[in-house]
Amino acid sequence: MNAMLRMRSVSKVYHNGTVALSSINLTVDKGELVFIVGPSGAGKSTLFKLVNRKELPSSGEVWVGRKSVPDLKKGEVPIFRRNVGMIYQDFKLLSNKTTFENIAFALEVVEASRREVLRQVPAVLELVGLRDKGKAYPHELSGGEQQRVSLARAIVNRPIILMADEPTGNLDPDTSWGIMDLLVEINRRGTTVLMATHNKDIVNRMRRRVIAMEHGKIIRDEQRGAYDIES
Amino acid sequence: MTLKAKTLFHCFKEGWGNLARNSLMSLASIGTVLVSLLVLGGVSLLALNLNHMADMALQSTKIRVLLKEDVNFDATEQVRFWLQRQSGVESYQFISKQEGLMRLEGIFGIEEGVFRDGDEEFLPEEFEVSLNSDADAEKLVTGLLSLSSVEEVLYGQEFYSQVRTVSKIAFIGGIIVLLLVGFATLLIITNTIRLTVFARRREIEIMSLVGATDWYIRWPYIFEGLLIGIIGSLLAALLLSRGYYFLERKLVNVASFLHLVTYDSVQLHLTWILIGVGAAFGLIGSLISVKRFLKAS
């Protein structure tokens, strides 16, 4: 299989001296769904920031497809980010925009035509199960529905890789499974999915590849793994 | 940097919306642009008028062009020919040595012992030149002095150069005041736009997350800054024009000897300069505030 994400000897030390990542070596193949687990401060979010170029590594190589992420020119970064979808625990929706507008926003900022907006937005709303919630504002939606909107916005530009940073952190177990099912569906359609999570139930029942991190290092990388080491 | 026209229009709408949402700070910014540009416009008009008065004073006095001793007829004709070609010369008169002496006698009287026969030989031949209102007096004097047969040009230099100096000092002083007020203006515009940027930081974060280019993010704030600058400058132009008309009318009654520049003759240039400086204030202010934020995010 082709590698979608490759990290070679990647370290990240912040200006205040905090070592967030230390000598990370990681390859994720195209079409994989990978869980990244570990306690808070283990380096999961920093790893995502290096992939979508919010941060630059202190040393090492980060490749997404054939692009060396740290070598991207400033002007190339926005185009690159259109290929990397992100969702977060706090959804990051705009409260003054409706569901439809929140998703359309992701297309408008990349200067998509109105025709494209009218075609793509209803399609992703359908996919995430919010066909009839297009006119609702975020405060009128439940947490699970807000995360679905966020997911819809992340995939509307058809990214090749989707990173979910604790997407079920604010949701009850049933709603969390609803989001997980959606991520599986998106993955089934060909998008590589990386999900940082503390949700043991999901990780243990899904039995997918698990990468465990601690103190900025990968301490376990297991196919069909569980949240904790199984003895 | 290239955006579709539709996107630019959208950014303009956003910029206008920012201005309205943040109305109090926007008004403060427009107010400071207005004050800065009133200072700029005011000192420009003062300097223009002082220069104009110096020119007018010069035009109302006659210029005396003294020729070198023993110049021949050809050399005199050279000066005459040169004067004929100048559009600023209203009229000129050749004063021979004999006529020069007669003029002196007219001034000092012809009592015995003051002037003697043959005194005229010590006087230079000269041209007496009157200028019209189009004349660029300084240029004419320089041109005359470059002629080989001209010894000296007398035209009340002291008064003229004093007025010019006062005008220069007024202008330089005005520019210094402008720089100080301008600095305050930039500070206030930068803070106004920073408030908008801060209020919309979440939106900007999401924009950059989903792949908006820096220019797409910048344009609404650039429009906001430009609008502040242009509205402030248009108000300044309007106030200056009304104020100047009022002053002109008042001065005609109390000091009719003062020849003011008519506002119509400078209005177009001054308005464009004010708009240009106002727009530059807005543009620089917005670029500074957005640049800092984009760097930070």
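Cut-offs and rules
- Residues numbered from 1 in each chain as written.
- Chains lettered and ligands numbered in written order.
- Predicted model: local features only at pLDDT ≥ 70, side-chain atom pairs only at ≥ 80, totals over all residues.
- Contact = placed C-beta atoms within 7 Å.
- Helix = DSSP H or I, 4+ residues; strand = E, 2+ residues; numbered from the N terminus.
- Nonpolar A, V, L, I, M, F, W, Y, C, P; charged D, E, K, R; others polar.
- Expected span 1.5 Å × (residues − 1).
- Buried ≥ 20, exposed ≤ 12 C-beta atoms within 10 Å, placed from the backbone.
- Arc of directions from axis to C-beta.
- Pairing = 2+ DSSP bridges.
- Axes fitted to C-alpha atoms, helices over the stretch in contact; angles between N-to-C directions.
- Parallel < 35°, antiparallel > 145°, perpendicular 65-115°, else oblique.
- Left-handed = near helix turned anticlockwise from the far one by under 90°.

(A) Seen up close, the interface of chain A and chain B. Contact with chain A, which involves 13 residues of that partner, is made by twelve residues of chain B. The element that contributes the greatest number of residues to the side of chain A that touches chain B is helix 2 (residues 77-81) of chain A, accounting for three residues. In terms of residue class, the side of chain A that touches chain B is made up of seven nonpolar, one polar and five charged.

(B) Quick peek at helix 4 (residues 114-127) of chain A. All names here are of chain A. An ideal rise of 1.5 Å per residue puts 20 Å on 14 residues; helix 4 measures up with 20 Å between its terminal C-alpha atoms. Among the residues of helix 4, those classed as buried are Gln-120, Val-121, Val-124 and Leu-125. Down the axis of helix 4, the buried set is contained in an arc of 130°. They therefore lie on one face. Counted as exposed and oriented over 90 degrees from the buried face of helix 4: Arg-115, Arg-119, Ala-123 and Glu-126. Backbone geometry just downstream of helix 4 places Gly-129 in the positive-phi region, at approximately 80°.

(C) Local environment of the pairing of strand 6 (residues 84-88) of chain A. Residues and elements named next belong to chain A. Of all five residues making up strand 6, four are buried, and the element is well covered by its neighbours. Sheet analysis places strand 6 next to strand 7 (residues 161-165), joined by five bridges and oriented parallel. Paired with Ile-87 across the bridge in strand 7 is Ala-164.

(D) Examining the sheet that holds strand 10 (residues 217-222) of chain A more closely. Residue and element names in this part refer to chain A. Pairing in this open sheet of six strands is mixed, and the strands run 6-7-8-3-9-10 from one edge to the other. Strands at the two margins of the open sheet, each flanked by one partner only, are strand 6 and strand 10. On average, each strand axis in the sheet is inclined to that of its neighbour by 20°, with strand direction left out of account. Pairing of strand 3 (residues 33-37) with strand 9 (residues 209-214) involves four bridges; the strand directions are parallel.

(E) Here's a closer look at the packing of helix 1 (residues 5-21) of chain B against helix 8 (residues 214-254) of chain B. Residue and element names in this part refer to chain B. Where helix 1 contacts helix 8, the two axes come as close as 7 Å, and the packing angle between them is 55°. Here helix 1 is positioned oblique relative to helix 8, judged by the angle of their axes. Crossing handedness for the pair helix 1 and helix 8: right-handed. Residue-level contacts link Thr-7, Leu-8, Cys-11, Phe-12, Glu-14, Gly-15, Trp-16, Asn-18 and Leu-19 of helix 1 to Tyr-216, Trp-219, Pro-220, Tyr-221, Phe-223, Glu-224 and Leu-227 of helix 8. Grouping the constituent residues of the contact of helix 1 with helix 8 by class yields eleven nonpolar, three polar and two charged.

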